[in-house]
Amino acid sequence: MSKALFIVDVQNDFTEHGALGVEGGDAVAGRISRFLAAHAGEYEVIVASRDWHDPESDNGGHFADAPDFVDTWPPHCVAGTAGAEYDDGFDTAAVTHHLKKGQGAPAYSLFEGHADDGSMAHDLLTAHGILDIDVVGLATDYCVRASALDAIAAGRHVRVFTDLVAGVHAASSERALAEIAHAGAVLLSSEDAA
Ligand code: VGL
Ligand code: ZN
């Protein structure tokens, strides 16, 4: 059995004091680092994505001066800025593949990201014979949701660790987790990960 861990958008702008900080983001970054210290060896690949938007562009209507925090957002994760870097509390040493997404257009799913060599998540899953994917990161109701649904659509067995995610809004995060579970993923605490 080959497993992948997908770590979605654990970046400074999505944690407390970031341009689009989610409540509990820093705590999630720290918990993901501790989870990796204990479990990294169980994964064939550990893929981390970063939202990586163009400067001086509205990125296909993704940025707005009066954002609605549903379809439009304040500027965040602009390529080359500190806000786009991985959160300081996220120890990336065990990450095997780094993907960037959202250049010039919204891209919520890790599956839309590219590595520097151009490869994408689907390529990695095929190349490494990945059958199982665990998903963690930020934000539950946006990029975690889209990434988990795409992982299920890719025909893999998907789990989301509910203690290793945090969302923009409480209500839409609850809805997103329900939707992900309904689509076929298992929701559980990372402490119960076998
Ligand atoms: C995200 C809003 C805008 C995310 C990205 O990573 O969940 N949310 N861009
Ligand atoms: Zn974005």
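Keep in mind the model is a prediction, meaning the values are calculated, not measured.

A.B. asks: Could you clarify how one ought to interpret the sheet that holds strand E5 (residues 157–166) in this entry?
C.D. replies: Within a beta sheet, neighbouring strands are joined by backbone hydrogen bonds and run either parallel or antiparallel to one another. Spatial ordering of the open sheet is given by E3-E2-E1-E4-E5-E6, a layout of six strands whose pairing is parallel. In the strand order of this sheet, the two ends are held by strand E3 (97–101) and strand E6 (186–188), each with one partner. Along the sheet, successive strands turn relative to each other by an average axial angle of 20°, direction set aside. Two strands pair when backbone bridges link them, and strand E2 (residues 45–51) and E3 are joined in this way by five bridges, in the parallel orientation. Bridging from a neighbouring strand, Val 47 pairs with His 97 of E3. Those strands touched by helix H1 (residues 25–39) are strand E1 (3–8), E2, strand E4 (132–138) and E5, and its axis lies near 130° from that of E5.

A.B. asks: Help me understand the site of ligand 1, please; the structure alone is not making it clear to me.
C.D. replies: Near ligand 1 the following residues occur: Asp 9, Phe 14, Asp 51, His 62, Trp 73, His 76, Tyr 108, Leu 138, Ala 139, Tyr 142 and Cys 143. At 3.1 Å, a side-chain N or O of His 76 approaches a nitrogen atom of ligand 1. Within the backbone of Ala 139, one N or O atom sits 3.1 Å away from an oxygen atom of ligand 1. The residue inventory of the shell around ligand 1, partitioned by class, reads seven nonpolar, two polar and two charged.

A.B. asks: Could you clarify how one ought to interpret the environment of Phe 69 in this entry?
C.D. replies: As for its position among the elements, Phe 69 is in the loop between E2 and E3. For the pair formed by Phe 69 and Leu 138, sequence separation is 69 residues and the distance between their alpha carbons is 15 Å. In this view, Phe 69 contacts Leu 20, Pro 74, Tyr 142 and His 169; residues no more than four positions away in its chain are not counted.

A.B. asks: So what exactly am I meant to see when it comes to the packing of aromatic side chains here?
C.D. replies: We describe a pair of aromatic rings using the distance from one ring centre to the other and the angle between the two ring planes. Per the counting criterion, the structure on display carries seven aromatic pairs. An angle of 55° between the planes, with centres 5.3 Å apart, marks the rings of Phe 35 and Phe 161 as tilted. One end of the pair, Phe 35, is in helix H1; the other, Phe 161, is in strand E5, with 126 residues separating them in the sequence. Look at Tyr 108 and Tyr 142: their rings are 6.0 Å apart centre to centre, the planes differ by 40°, and that puts the pair in the tilted class. With Tyr 108 in the loop between E3 and helix H2 (121–127) and Tyr 142 in helix H3 (residues 140–153), this residue pair connects regions lying 34 residues apart in the sequence. A relative accessible area of 16% places Tyr 142 in the buried class. In textbook terms, an aromatic cluster arises when at least three aromatic residues are bridged by ring pairs, as seen for Phe 69, Trp 73, Tyr 108 and Tyr 142. Taking the ring centre of Tyr 43 as reference, the NZ or CZ of Lys 3 above it sits at 4.7 Å. Residue placement shows Lys 100 over the ring face of Trp 52; its charged tip is 4.3 Å from the ring centre.

A.B. asks: Whenever I open this one, the nonpolar core confuses me. Can you help?
C.D. replies: Most often, soluble globular proteins have nonpolar side chains that are buried together. Counting 31 residues, the largest nonpolar core has Leu 5, Ile 7, Ile 32, Leu 36, Ile 46, Phe 90 and Phe 161 as the members making the most contacts within it. For this core, the secondary-structure elements that each account for two or more residues are E1, H1, E2, E4 and E5.

A.B. asks: Sorry, what's going on with unusual backbone geometry here?
C.D. replies: Of all residues except glycine, most have a negative phi; of all peptide bonds, most are trans. Here Leu 138 and Ala 139 are connected by a cis peptide whose omega angle stands at -10°. Within the secondary structure, Ala 139 sits in the loop between E4 and H3. Although it is not a glycine, Asn 59 sits at a positive phi angle of roughly 55°. The phi dihedral of Phe 69 falls on the positive side, at around 55°, and the residue is not glycine. Looking at Phe 69, the relative accessible area reads 32%, which means it is partly exposed.

Rules used throughout
- Residues numbered from 1 in each chain as written.
- Chains lettered and ligands numbered in written order.
- Predicted model: local features only at pLDDT ≥ 70, side-chain atom pairs only at ≥ 80, totals over all residues.
- Heavy atoms only, no water.
- Pairing = 2+ DSSP bridges.
- Helix = DSSP H or I, 4+ residues; strand = E, 2+ residues; numbered from the N terminus.
- Axes fitted to C-alpha atoms, helices over the stretch in contact; angles between N-to-C directions.
- Contact = heavy atoms within 4.5 Å.
- Near = heavy atom within 4 Å.
- Polar contact = N/O pair within 3.5 Å; in protein donor to acceptor, adjacent residues only side chain to side chain.
- Nonpolar A, V, L, I, M, F, W, Y, C, P; charged D, E, K, R; others polar.
- Phe/Tyr/Trp six-rings, centres within 6.5 Å; stacked < 30°, edge-to-face > 60°.
- Buried < 20%, exposed > 50% of the residue type's maximum accessible area, 1.4 Å probe, protein only.
- Lys NZ or Arg CZ within 6 Å of the ring centre and 35° of its normal.
- Core = buried A, V, L, I, M, F, W, Y, C linked by side-chain atoms within 4.5 Å.

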